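Below are the chains, spelled out letter by letter.
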Amino acid sequence: MVAQLDGVRIDTDVVLGDRPEAILRLLVHVPDDLPDQPLDAVGRELRLLCRTWDQELASAVVARTGKERGRNLGQAGADWFPAAYRDVIPAPRSTR
């Protein structure tokens, strides 16, 4: 992200509150104005980085089996994998 925005450094802050979600704040310091490129690519990259293991699994299953069938399988299948498995195996590898 720093490279995409021609930044010099990034500050991060993670907040864990009463909600099940964490709040992540990223502040990229740029020496001048923001680059002319649209920020859509940065937003897409951030969304991909913030996906849960379950979301990664659902995406991998959709890619492998098609949208309609994959969505149902991905949601149902997430509960089949114990936490210890999720900690060491990337979700896309679980679809093989």
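The residue count restarts for each chain, going from 1 along the sequence in the order it is written. Reporting of local features is limited, given that this is a predicted model, to residues whose pLDDT is at least 70; pairs of side-chain atoms are given and counted only at 80 or more, and all residues count toward the totals for whole chains, interfaces and linings. Note that the side-chain values use all heavy atoms of the structure and ignore hydrogens as well as water.

Helices and strands together make up the secondary structure of the protein chain, namely four helices and two strands. Between the two quantities, the radius of gyration covers C-alpha atoms and the globule rule is 2.2 Å times the number of residues to the power 0.38. Against the 2.2 N^0.38 benchmark of 12 Å for 96 residues, the protein chain shows a C-alpha radius of gyration of 17 Å, more extended than a compact globule. Taking the principal axes of its C-alpha atoms as reference, the protein chain extends roughly 50 × 30 × 25 Å. The long-range fraction of contacts in the protein chain, counting pairs at least 24 apart against all pairs at least 6 apart in sequence, stands at 43%. Strands are runs of DSSP state E lasting at least 2 residues, helices are runs of H or I lasting at least 4, and numbering of each runs from the N terminus. A contact between two residues is defined here by any heavy atoms of the two lying within 4.5 Å.

Let us now look at the pattern of salt bridges. A side chain of one charge can pair with a side chain of the opposite charge when the charged atoms of the two come close. Between Lys or Arg on one side and Asp or Glu on the other, a salt bridge is scored when a side-chain nitrogen of the former is within 4 Å of a carboxyl oxygen of the latter. Under the criterion given, the structure shown has five salt bridges. In this structure, Asp 54 and Arg 86 form a salt bridge, with 2.4 Å as the shortest nitrogen-oxygen distance. Here Asp 54 is found in helix α2 (residues 53-65), whereas its partner Arg 86 is found in helix α4 (residues 83-88), with 32 residues between them in sequence. Judged by relative accessible area, Asp 54 falls into the partly exposed class, the value being 30%. In this scheme, a residue with accessible area under 20% of its type's maximum is buried, one over 50% is exposed, and one in between is partly exposed, where area comes from a 1.4 Å probe on protein chains only.

Time to look at the environment of Leu 16. Summarising the element assignment, Leu 16 is placed in strand β1 (residues 9-16). Between the C-alpha atom of Leu 16 and that of Leu 46, which follows or precedes it by 30 residues, the distance is 18 Å.

For the rest of this paragraph, the subject is unusual backbone geometry. Positioned with a positive phi, Asp 6 is a non-glycine residue whose angle comes to about 55°. With respect to the helices and strands, Asp 6 occurs in the segment before β1. The exposed category is assigned to Asp 6, whose relative accessible area is 51%.

Among the secondary structure elements, Leu 34 is positioned in the loop between β2 (22-29) and α1 (40-49). Here Leu 34 falls in the partly exposed class, since its relative accessible area comes to 48%. Spatially, the C-alpha atom of Leu 34 lies 7.8 Å from that of Asp 6, the residues being 28 residues apart in sequence. Among residues more than four places away in sequence, those in contact with Leu 34 are Leu 5 and Leu 39.

Turning next to a nonpolar patch on the surface. Together, Ile 10, Val 14, Leu 16, Leu 24 and Leu 26 make up a nonpolar patch on the protein surface, roughly 450 Å² of accessible area in all. When contributions to the nonpolar patch are tallied by element, the ones reaching two or more residues are β1 and β2. At three residues, β1 tops the list of elements feeding residues into the nonpolar patch. As for its placement among the helices and strands, Val 14 is situated in strand β1. A patch is a set of surface residues, each over 30% in relative accessible area and not in a salt bridge, joined within 9 Å for like charges and within 5 Å for the nonpolar side chains Val, Leu, Ile, Met, Phe, Trp and Tyr. All accessible areas in this document rest on Shrake-Rupley with a 1.4 Å probe, and a residue is counted as covered only by the protein chains that are shown.

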